[in-house]
Amino acid sequence: MKFALAVYGAPANSQAPQSALHFARAVVAQGHEIVRLFFYQDGVNTATAIAQPPQDESNLPSEWQAFIQENQLDAVVCIAAALRRGVVDQAEAGRYNLPGHNLRDCFELSGLGQLLDGALMADRFITFGA
Amino acid sequence: MSTLHIVNKPRQAMELCIRAVASGDTVLLIEDAVYELMSSAQRLNVLPGGCSVCVMDMDAKARGVEVSAPFEVIDYNRFVSLCVDDDKILSWF
Amino acid sequence: MSHSVCVISTRAPYSGQAAREALDTALVSASYDIETSLLLMGDGVYQLLEGQDSGQIPRKNISAMLQVLPLYGIETIHVDHASLEERGITPEALQEGVTMLAEGELPQFIQQHSRVFNF
């Protein structure tokens, strides 16, 4: 079965990215397919490369990156929501003349249309809200 | 046609979920929604007939909330199975 | 298979970006020529109050954005009547172009859409 997942909460103010990761691991373990991960609203903060939680706490952006790369998943971060919250890739940093960029390698910035696409192409669409 | 309703917060999220639930649907409490079990489960008592309520085990344990019958304690594997069984998944937060 | 989308918006208009970002989802859906409904529940009903002067904060006016929905093919905004009553809001306090859903009508209304986006 094809799943699409949406994540709307940030690691520091919501359990959503943690719950979604538990869920995504179980989906893959049961042999289902994840056709899209979409990070929207504060969920875009899950894609930052420069969060550094204390060593005895989990580093969700890093755990998500490992999971995405291991399973070669399509992980999209809403570009408008990300720009609002200071999550940018090199191209956007250049376009807006920003002093740095922080999007992790495995994520891609794209439009909100990808949320719709993902939900429509999947058999099951599930949201992890903030 | 049945729906899985996922609730992750007590109060408003739970109330809106209950309004959208139909007979035969499943309600899953995750994250802070497990605290609903401490409010004498009042809001849960008004669910229509034929609805079952599941509670995410790790979220209840993490918060020190005890779960007893008729609520079913589940893990993430069962969560995925519930999603496969129901044709729509709504999230209330 | 032709799809239809229901966007459920449950947040007040100006506390964060949730209301705006729910609305954007409905607009994108409608712009794909998908039959799209917007349903306001809970604190989401505050988005419909008349007389919003959000320039005071300043923020973009959600009420004004809701008024242009017909241009995108979303002819009416659906409102959970019980959420209004709980907040002591009468339908006269809302902008025009809304359709009330009584308690008991919600499950079927939501179910008639093939995809639901909760916010």
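For the structure, check the block above.
Everything quoted here is computed from the prediction, not taken from an experiment.

Asks: Hey, could you run me through the overall build of chain A in this one?
Replies: Check the secondary structure of chain A and you find five helices and five strands. Reading the helices (α) and strands (β) of chain A from amino to carboxyl end gives β-α-β-α-β-α-α-β-α-β. Against the 2.2 N^0.38 benchmark of 14 Å for 130 residues, chain A shows a C-alpha radius of gyration of 14 Å, consistent with a compact globule. A principal-axis box enclosing the C-alpha atoms of chain A has dimensions of 45 × 35 × 25 Å.

Asks: Any chance you could explain the overall build of chain C here in plain terms?
Replies: Across its full length, chain C carries four helices and five strands. Reading chain C from its N end, one meets helices and strands in the order β-α-β-α-β-α-β-α-β. Computed over C-alpha atoms, the radius of gyration of chain C comes to 14 Å, within 12% of the 14 Å expected from 2.2 N^0.38 for 119 residues, which places it in the range of a compact globule. In terms of overall dimensions, chain C has a C-alpha envelope of 45 × 30 × 25 Å along the principal axes. Within chain C, residue pairs in contact and separated by at least 24 positions form 67% of the contacts whose partners lie at least 6 positions apart.

Asks: Looking at this structure, I do not really get helix α4 (residues 76-85) of chain B. What am I missing?
Replies: Given 3.6 residues per turn, any residue in an α-helix points the same way as the ones three and four places further on. Among all positions in α4(B), only Tyr76(B), Phe79(B), Val80(B) and Cys83(B) are buried. What you see down the axis of α4(B) is that its buried residues fit within an arc of 95°, all on one side.

Asks: It is not clear to me how the interface of chain C and chain A should be interpreted in this structure. Could you clarify?
Replies: Interfaces are often sized by the amount of accessible area the parts lose when they come together. Contact with chain C, which involves 11 residues of that partner, is made by 13 residues of chain A. Top element by residues in the side of chain C that touches chain A is helix α1 (residues 18-31) of chain C. It accounts for six residues. Here the side of chain C that touches chain A is composed, by residue class, of three nonpolar, five polar and three charged.

Asks: I would appreciate a short explanation of the sheet that holds strand β2 (residues 26-29) of chain B in the present structure.
Replies: Note: strands within a sheet are paired through backbone hydrogen bonds, in either parallel or antiparallel orientation. All names here are of chain B. Taken in spatial order, the five strands line up as β4-β3-β2-β1-β5 in an open sheet, and their pairing is parallel. One side of each edge strand has no neighbouring strand; the edge strands of this open sheet are β4 (72-74) and β5 (88-92). Within the sheet, the average angular offset between the axes of one strand and its neighbour, ignoring direction, is 25°. Against the sheet, helix α1 (residues 12-20) touches β1 (3-7), β2 and β5, its axis set at about 170° to β1. Strands β1, β2, β3 (52-56), β4 and β5 of the sheet are contacted by α4, whose axis makes an angle of about 150° with β2.

Asks: What is the right way to read the interface of chain A and chain B from this model?
Replies: With 14 residues of chain A at the interface, the matching set in chain B holds 12 residues. For the side of chain A that touches chain B, the elements supplying multiple residues, two or more each, are α1 (16-29) and β5 (124-128) of chain A. When residues of the side of chain A that touches chain B are assigned to their parent elements, the largest contribution, five residues, is made by α1(A). Along the lines of polarity and charge, the residues of the side of chain A that touches chain B split into seven nonpolar, six polar and one charged.

Asks: I tried to follow the sheet that holds strand β3 (residues 75-78) of chain A on my own but got confused; where do I start?
Replies: Residues and elements named next belong to chain A. Reading across from one edge, β4-β3-β2-β1-β5 is the order of the five strands in this open sheet, with parallel pairing throughout. The open sheet has two free edges, formed respectively by β4 (107-110) and β5, since each of these has just one partner strand. Sheet twist, expressed as the mean angle between neighbouring strand axes with direction ignored, is 25°. Bridge analysis of strand β1 (residues 2-7) against strand β2 (residues 33-39) gives six bridges, and the strand direction is parallel. Looking across to β2, one finds that Lys2 is bridged to Glu33. Each of β1, β2, β3, β4 and β5 is contacted by helix α5 (residues 113-121), which is oriented at about 155° to β2, the strand it contacts most.

Asks: Looking at this model, I keep getting lost on the pairing of β1(A). Mind explaining?
Replies: Working note: regular strand, side chains alternate between the two faces of the sheet. Residue and element names in this part refer to chain A. Within β1, five of the six residues are buried, leaving the element largely enclosed by the surrounding structure. Direction of pairing for β1 relative to β5: parallel, over a ladder of five bridges. Considered in β5, the bridge of Ala6 is made with Thr127.

Asks: I'm lost on the pairing of strand β2 (residues 35-40) of chain C in this one. Help?
Replies: All names here are of chain C. Counting buried positions along β2 yields five of six residues, so the element is predominantly enclosed. Pairing of strand β1 (residues 4-9) with β2 involves six bridges; the strand directions are parallel. Looking at the pairing, Cys6 lines up with Ser37 of β2. In terms of strand pairing, β2 meets strand β3 (residues 77-80) through three bridges, oriented parallel. Bridge pairing in β3 places Leu40 opposite Val79.

Asks: Got a minute to help me understand unusual backbone geometry in this structure?
Replies: One can expect most non-glycine residues to show negative phi and most peptide bonds to be in trans. For the peptide bond that leads from Ala69(B) to Pro70(B), omega is 10°, which places it in the cis range. Mapping Pro70(B) onto the fold places it in the loop between α3 (57-63) and β4. One non-glycine residue, Gln41(A), lies in the positive phi region at around 50°. Here Gln41(A) shows up in the loop between β2 and α2 (60-71).

Each value, and the rule that gives it
Residues numbered from 1 in each chain as written. Chains lettered and ligands numbered in written order. Predicted model: local features only at pLDDT ≥ 70, side-chain atom pairs only at ≥ 80, totals over all residues. Helix = DSSP H or I, 4+ residues; strand = E, 2+ residues; numbered from the N terminus. Rg over C-alpha atoms; globule rule 2.2 N^0.38 Å. Contact = placed C-beta atoms within 7 Å. Buried ≥ 20, exposed ≤ 12 C-beta atoms within 10 Å, placed from the backbone. Arc of directions from axis to C-beta. Nonpolar A, V, L, I, M, F, W, Y, C, P; charged D, E, K, R; others polar. Pairing = 2+ DSSP bridges. Axes fitted to C-alpha atoms, helices over the stretch in contact; angles between N-to-C directions.

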